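Residue-level structural notes
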Amino acid sequence: MQLTANLEENRSKLYEIFPISTSYDLISRDLYLGKTKAFWLGINGFCKNDLLQKIFADLQDNSYTKDLTIENLELFVASKIGYIQTELTNDWDVIIKNVLSGPSVLFLDGFSSAVILDTRSYPTRSVEEPDTERVSRGSKDGFVETIVFNTALIRRRIRSTKLCFEVMTAGTDTKTDIVIGYLNDLADPKLVETIREKINSLCIPSLTMGSKSLEELIIKKRWFNLMPQIRYTERPDVASSYLLEGYVIVLVDNTPTALVFPCNLFQFTQNPEDYYQNPSVGNYLRFLRFGCILLSLFLLPCFLLMGIYQSSLPKWLWLITSEEVTKTQLFLYVLVIELGLDIFKYSSSNAASGLSNSLGLLGGLIIGDIAISLHWATLEVIFYAAVTMLATLSISSQEFGNAIRLYRLFLILLTGWFGLWGFIVATVLILISIASTPSFAGKSYLWPLFPWNWTALKTLLFRYPTAKYEITRHKRKE
């Protein structure tokens, strides 16, 4: 649908499309630029008022527009409007999208094109370190809800002409901006094209939950695959490192996270802290994290399994010594503590910041002591549950940690019901679930373990010095 050269017709069309007379944040202005009548439309809160005031003051200055008759709109814009982010369009769809996104539009009588002035300014919070990916050293900035700021944080780190940010939109109602970021010489062109096609094929009214909604729309997940299929990060330095390794990132407006494509299991075993310490400390922290993942998954189920068969175990292997409990009691104790810790963690995370610390510290001590006094748990059960919780909290990825928690609950249930065979069957099913997790665009979720790539696997298992890492980095995609 195209504009006409009649200003009144274009203005009437605007009143049909936008609720200008009823919505308070839609602001408009009738103007005269010399002898030419004009009409301006924008959204209050998105426009930089001081900048627009300067532009209109120049255009309406007597010495600037005296007896001015505009004959060529392109020449007028090029010679009279000094603002950089200015363009012409005659497409109503482009005008509607721009007005709702923040830029304002200027219509002039006698011309079938409108002038788009990108003077937008979004409300935003300050750039600060994300709570979920804190490091003791290194940069303290993180992504925010404004997509322009997020691309700038990456561009500041990668000053390469090969770095490309493609912008797209999704949602017929929200028209959410989505940016695909990649390095031309490193990223797989087929992967980029697949992401592009997936986003273009979306026929939805909105992306209600931002990047999470986008993930669920472009990646099909089976109910028995609990592992996350997308790596999220709120740190621009982490996103930049993935780009330099040939990955593709996706940024969604109003969401302070980057999605990394493709995703594999070993990405969740890494942490930025490893690279802000010297290699020896980084390797120690990485292997400690590997151990915490195993502890988080197997400690409570193994404790329950050994407690069930404690009568047939040597005394030095007995884990329950404070009191005699039956197999059923032990199973219920472990199950109640497991569910109780989840409730406790969920309550602490949703409490006000002033209450969360006191609730976590005092609440844990008081509830644990009362549970032992009421014989709802034993001291050993609470101890191993606490160690399990600490091991789970050491996992930086919340999605990966939540998957481990559900796998652990499944292990506890089958071990409590069927004993040793339940533990074995549950472990096998968990391994099958992890191995069968589909990744994006046909990539292997277990890469570089399968297909085998020792060069890439070494950089995931060990923290190499920077000089040696840079030599092997470009071989990882082979």
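This section reports on the structure supplied with the text. (Residues numbered from 1 in each chain as written. Predicted model: local features only at pLDDT ≥ 70, side-chain atom pairs only at ≥ 80, totals over all residues. Heavy atoms only, no water.)

1. What to know about helix α6 (residues 147–157)
A turn of α-helix holds 3.6 residues, and therefore any two residues three or four places apart point the same way. We count it as follows: Exposed residues in this analysis have more than 50% of their type's maximum accessible area, buried residues have under 20%, and partly exposed residues fall in between, with area computed by a 1.4 Å probe over protein chains only. Labels follow the DSSP assignment, with helices taken as runs of H or I lasting at least four residues and strands as runs of E lasting at least two, numbered in each case from the N terminus. Arc definition: it is the arc formed by the directions from the helix axis to the C-beta atoms. By definition in these notes, contact holds between two residues if any of their heavy atoms fall within 4.5 Å.
Looking only at α6, the buried set comprises I147, N150, T151, L153 and I154. Projected down its long axis, α6 carries its buried residues within an arc of 155°, all on one side. Away from the buried face of α6 by more than 90 degrees, exposed residues V148 and R156 are located. Buried-residue contacts for α6 involve β6 (163–170), β7 (176–183), α9 (236–244) and β9 (248–252).

2. Topic: the pairing of β6
Formally: The pairing criterion for strands is at least two bridges between them, as found by DSSP.
Relative to β7, β6 runs antiparallel, the two being bridged by eight bridges. The residue of β7 that forms the bridge with F165 is G181. A loop of five residues connects β6 with β7, the two strands running antiparallel in sequence, and G171 in this loop sits at a positive phi of about 100°.

3. Considering the packing of helix α11 (residues 279–308) against helix α16 (residues 454–461)
When two helices pack together, their arrangement is given by the angle between the helix axes and the distance between those axes. Heads up, the condition is: The angle between two axes is taken between their N-to-C directions and runs from 0 to 180 degrees, where each axis is a line fitted to C-alpha atoms and a helix contributes only its stretch in contact. Roughly parallel here means an angle under 35 degrees, roughly antiparallel means over 145, roughly perpendicular means 65 to 115, and every remaining angle is called oblique. Amino acid classes used here: Ala, Val, Leu, Ile, Met, Phe, Trp, Tyr, Cys and Pro are nonpolar; Asp, Glu, Lys and Arg are charged; the rest, including Gly, are polar.
Following both chains from N to C, one finds α11 and α16 inclined at 95°, their axes separated by 10 Å at the closest point. Between α11 and α16, the crossing angle belongs to the class labelled roughly perpendicular. Contact residues: α11 offers N283, R286, F287 and F290, while α16 offers T459, L460 and L461. Of the residues assigned to the contact of α11 with α16, the class counts are four nonpolar, two polar and one charged.

4. Topic: the pattern of salt bridges
Under the convention used in this document: Salt-bridge detection follows one rule: a side-chain nitrogen of Lys or Arg within 4 Å of a carboxyl oxygen of Asp or Glu.
Within this structure, the stated rule accounts for 21 salt bridges. Residue D185 pairs with K162 through a salt bridge whose shortest N-O separation is 3.9 Å. Residue D185 is found in the loop between β7 and α7 (189–200), and its partner K162 is found in the loop between α6 and β6; the two are separated by 23 residues along the sequence.

5. Points about the sheet that holds strand β10 (residues 258–261)
Here we have five strands laid out as an open sheet, ordered β6-β7-β9-β10-β8, and antiparallel in their pairing. The open sheet has two edge strands with one neighbour each: β6 and β8 (231–233). Sheet twist, expressed as the average angle between the axes of neighbouring strands with direction ignored, equals 25°. For β7 and β9, the ladder comprises four bridges, and the chain directions are antiparallel.

6. Considerations on the nonpolar core
The condition is simple: In these notes, a set of buried Ala, Val, Leu, Ile, Met, Phe, Trp, Tyr and Cys residues joined through side-chain atoms within 4.5 Å is what counts as a nonpolar core.
With 24 residues, the main nonpolar core has I195, L214, V248, V250 and F261 as its most contacted residues. Counting residues per element, the ones that place at least two in this core are β6, β7, α7, α8 (211–218), β9 and β10. With residues near it in sequence (within four places) discarded, L214 still touches I178, I199, L202, L207, V250 and V252.

7. Looking at the pairing of β9
Of all five residues in β9, five are buried, a share of seventy percent or more. Of the two faces of β9, the one carrying V248, V250 and V252 and the one carrying I249 and L251 are both buried. Between β9 and β10, which follow one another and run antiparallel, lie five residues, and N254 among them has a positive phi close to 70°.

8. Some words on α7
What counts is decided by this rule: Helix span, expected: 1.5 Å multiplied by one less than the number of residues in the helix.
Taking 1.5 Å per residue as the helical rise, α7 with its 12 residues ought to reach 16 Å, and the 16 Å between its terminal C-alpha atoms agrees with that figure. Buried within α7 are the following residues: L191, V192, I195 and I199. Each buried residue of α7 lies within a common arc of 100° when the element is viewed along its axis, so the set occupies one face. Seen from the open side of α7, the exposed residues pointing more than 90 degrees away from its buried face are P189, K190 and N200.

9. Digging into a nonpolar patch on the surface
The criterion, for reference: Patch definition: residues above 30% relative accessible area lacking any salt bridge, with like charges linked at up to 9 Å and the nonpolar side chains Val, Leu, Ile, Met, Phe, Trp and Tyr linked at up to 5 Å. What sets the accessible areas is the Shrake-Rupley method with a 1.4 Å probe; for residues, cover comes only from the shown protein chains.
Together, Y309, L420, W421, I424, V425, V428, L429 and I432 make up an exposed nonpolar region whose accessible area comes to about 740 Å². Mapped onto the fold, L429 is located in helix α15 (residues 398–435). According to the relative accessible area criterion, L429 is partly exposed, its value standing at 41%.

10. A short note on the sheet that holds strand β2 (residues 36–43)
The strand order across the open sheet formed by five strands is β1-β2-β4-β5-β3, and the pairing between neighbours is antiparallel. Looking at which strands have only one partner, the edges of the open sheet turn out to be β1 (26–33) and β3 (86–89). The mean inter-strand angle of the sheet, taken between neighbouring strand axes irrespective of direction, is 25°. One ladder, built from four bridges, connects β3 with strand β5 (residues 114–117); its direction is antiparallel. Pairing of T89 across the sheet is with A114, part of β5.

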